[in-house]
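In case you want the letters, here they are:
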Amino acid sequence: MSPEARDAVFAALDDEYRAQAFYRAILRKFPHALPFSEIVEAEARHAAVLIAILDAYGLKAPPNPHLDSAELAASAPDTLAGACEAAMQAEIRNARLYAEDLSPKVAGYPAIAAIFERLMLTSRECHLPAFRTFAEAYRMERPLAQSPV
């Protein structure tokens, strides 16, 4: 794997780790809140896929440096609607990161490029709409019973 592709996989892993840690910080503030309780697990699966890529190339993945971060805990909004809005912005940034920065760096690695594409689409087409739906429900004080994820 080229150094550029390797750095892209590590950057993707760090972004997935950060999302997982942020959503866990929100869940500490709002236990079992949807869609966070479901999407935090998806972020863990995304990280696992990226770790598998690193393993396949003989590279060691670091542990998640963002877990229990005081900075992320302090950035957790005070309302569920606000938390969903912050998550929406994070998912938009995540999709943009893959599309504009990371995917071009792995273009010579079709399997990795396909995984990056899937992760980008998941952020844009699954997580973002879920957070948007729940933000509206929480603003209207009508929490949904199930997540659309």
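What counts, and at which threshold
- Residues numbered from 1 in each chain as written.
- Predicted model: local features only at pLDDT ≥ 70, side-chain atom pairs only at ≥ 80, totals over all residues.
- Heavy atoms only, no water.
- Helix = DSSP H or I, 4+ residues; strand = E, 2+ residues; numbered from the N terminus.
- Expected span 1.5 Å × (residues − 1).
- Bend = angle between axes of the 7 residues up to and from the residue.
- Axes fitted to C-alpha atoms, helices over the stretch in contact; angles between N-to-C directions.
- Parallel < 35°, antiparallel > 145°, perpendicular 65-115°, else oblique.
- Left-handed = near helix turned anticlockwise from the far one by under 90°.
- Contact = heavy atoms within 4.5 Å.
- Nonpolar A, V, L, I, M, F, W, Y, C, P; charged D, E, K, R; others polar.
- Disulfide = S-S within 2.5 Å.
- Core = buried A, V, L, I, M, F, W, Y, C linked by side-chain atoms within 4.5 Å.
- Buried < 20%, exposed > 50% of the residue type's maximum accessible area, 1.4 Å probe, protein only.
- Salt bridge = Lys/Arg side-chain N within 4 Å of Asp/Glu carboxyl O.

A. Seen up close, helix α5 (residues 110-139). Helix length check: α5, at 30 residues, gives a terminal C-alpha distance of 42 Å against a target of 44 Å (1.5 Å per residue), a fit within 8%. The largest bend in α5 is about 30°, located at Thr-122. One or two residues past the end of α5 sits Glu-141, with phi positive at roughly 60°.

B. Quick look at the packing of helix α1 (residues 3-29) against helix α2 (residues 36-56). Between α1 and α2, the least distance of the axes is 9 Å, while the angle of their chain directions is 160°. Classified by the angle their axes make, α1 and α2 are roughly antiparallel. Where α1 crosses over α2, the handedness of that crossing is left-handed. Along the contact surface, α1 presents Val-9, Phe-10, Ala-12, Leu-13, Glu-16, Tyr-17, Ala-19, Gln-20, Tyr-23, Arg-24, Ile-26 and Leu-27, while α2 presents Phe-36, Ser-37, Ile-39, Val-40, Glu-43, Ala-44, His-46, Ala-47, Leu-50, Ile-51, Ile-53 and Leu-54. In the contact of α1 with α2, the residues fall into 18 nonpolar, three polar and three charged.

C. Inspection of the state of the cysteines at higher detail. Applying the stated criterion across every chain yields a total of zero disulfides. Cys-84 carries a free sulfur, and the closest cysteine sulfur to it, the one in Cys-126, is 16 Å from it.

D. Structural view of unusual backbone geometry. The peptide bond linking Leu-34 to Pro-35 adopts the cis configuration, its omega dihedral lying at -5°. Tracing the sequence through the fold places Pro-35 in the loop between α1 and α2. Backbone geometry at His-32 places phi at a positive 65°, although glycine is not the residue there. With respect to the secondary-structure elements, His-32 resides in the loop between α1 and α2. Here the phi dihedral of Asp-68 falls at roughly 60°; this positive angle occurs in a residue that is not glycine. Examined against the element boundaries, Asp-68 turns out to sit in the loop between α2 and α3 (70-75).

E. The nonpolar core, seen in detail. Residues Tyr-23, Ile-26, Ala-33, Phe-36, Cys-84, Phe-131 and Tyr-138 are the most contacted members of the largest nonpolar core, which totals 27 residues. When residues of this core are traced back to their parent elements, those giving at least two are α1, α2, α4 (80-105) and α5. Apart from residues no more than four positions distant in its own chain, Phe-131 is found in contact with Tyr-23, Pro-35, Phe-36, Ile-39, Cys-84, Ala-87, Met-88 and Glu-91.

F. Seen up close, the pattern of salt bridges. All told, the structure shown has nine salt bridges when counted by the stated rule. Note that Arg-124 and Glu-125 form a salt bridge whose closest N and O atoms lie 3.8 Å from each other. A single network of salt bridges, built from pairs that share partners, joins Glu-85, Glu-136 and Arg-139.

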